[in-house]
Structure formats: structure tokens, C-alpha cells
Amino acid sequence: LRILPSRRRSDEDVRALVVAQRAAGLALREIGEAAAARARLAQALSAARSRHLTSLDAECRITGAFLASEEGRTGRALRLLEGVPDDVDPVLALRAATSRALLLQRSGRHEDCLVLYERALELARVAADPVRTARLLNNRAMALAYLGRTEAALQDLESAQQLYSSAGAETLAAQSVANAA
């Protein structure tokens, strides 16, 4: 079923359409229908863009990037995430920055990912999300370690362990300690 927004549909109808298409894309991914999932997400993104629905556009881009990265299409994933505007909802900006940093890190672009981890850490701290902050510190520590910045990596791992512990996430705290070993 292909449904595109028309000028006669209200913004609320288009919002519902975007959410439904995105959900359908995720469901299709779950059953192994990658091409159909991509098509649904493309329709959702097109509809969100056509009505300047910034948050939904960002959601579609983040979801599309996730699917592209699962398929090994890192360049496509990064291009989608680069389209997420800086002034979007802070939680979405955090998700986009985190995803971009991780993709760059997995691509061996460790210096580049550090800039994005710093941005994501700022957003996570503003959101007062200690677990997400700790995850970001863990990931940044791995990038720092690859660059030979051992002392900075160990500091990030120690900070992550403390944040996890303060949030009652002892298993994750133990993983940070193990990463430091």
C-alpha cells in the first residue's frame, strides 16, 4: 500500500501517516523484508519533509540510518544522520549524534567520532541521563584507546563506572571496569 501525503490532508493526518509508515518499515525489517522496509521509511521521510515535520523527519532519518548500518551501508547511514537539524528536539539530537559517532568509530574514523561524542555528551548531561552519559563515555573511551590516549580512556571508563553505579546499574558498572582491564 502506497500512501503519499496530499495537499488535502491535515498535518495531523500526515503525522499519523509518517508514524504508520515508519512502524511498518520497522515491522518489515523484523521479518527480513529489507527492501520493503527501506521503501516504507523513504515514504515516511518524504511525507515528513513535505510538511516540514522536523521531529518526525529526524525520527525517520535515525531509523533509516539504523537500517542502513545493519546492511553495512555506512555512507548512507551517515548521510541520513547528517540531515538531522541541530535545533531538533534534544533527545533526537542526542540519538542522532550518538549514532553518527558510533558509525564513525566503527569505520575507523576515531578522531572524527570524538567531536560527535563530545556533542552527544553535552546533550546527555543537559538531559540529566546518567546511563546514556556513561554509555557515551564507554564508547568514547574505546575510540581514545584506539588513538593511544590511554590515560584519557581510563578516565572516561572510571567516570562511566561511577555514573552506572550511581544509577544502580551495577552490571554495566562492572563492564566499564572490565573494559579498563
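Residues numbered from 1 in each chain as written. Predicted model: local features only at pLDDT ≥ 70, side-chain atom pairs only at ≥ 80, totals over all residues. Heavy atoms only, no water.

Participant: Would you mind showing me how to read the environment of alanine 44 here?
Facilitator: Among the secondary structure elements, alanine 44 is positioned in helix 2 (residues 34-50). By relative accessible area, which is 0% here, alanine 44 ends up buried. Separated by 17 residues in sequence, alanine 44 and arginine 61 place their C-alpha atoms 9.5 Å apart. (Helix = DSSP H or I, 4+ residues; strand = E, 2+ residues; numbered from the N terminus. Buried < 20%, exposed > 50% of the residue type's maximum accessible area, 1.4 Å probe, protein only.)

Participant: Could you clarify how one ought to interpret unusual backbone geometry in this entry?
Facilitator: Leaving glycine aside, a negative phi is the common case for residues, and trans is the common case for peptide bonds. For histidine 52, which is not glycine, the phi torsion reads 55 degrees and is therefore positive. One can find histidine 52 in the loop between helix 2 and helix 3 (54-70). Located in the positive-phi region is alanine 128, a residue other than glycine, with phi close to 55 degrees.

Participant: Could you clarify how one ought to interpret helix 7 (residues 130-146) in this entry?
Facilitator: For the α-helix, the turn length of 3.6 residues means that residues three or four positions removed from each other point alike. Over its 17 residues, helix 7 extends 24 Å from the first C-alpha to the last, a length consistent with the 24 Å expected when each residue adds 1.5 Å. Taken together, the buried positions of helix 7 are Thr133, Ala134, Leu136, Leu137, Asn138, Arg140, Ala141, Ala143 and Leu144. As for helix 7, its buried residues are in contact with helix 5 (90-106), helix 6 (110-126), helix 8 (150-166) and helix 9 (170-180). Positioned one or two residues after helix 7, glycine 148 has a phi angle of 80 degrees, which is positive. (Expected span 1.5 Å × (residues − 1). Contact = heavy atoms within 4.5 Å.)

Shape is all these values report; function is a separate question.
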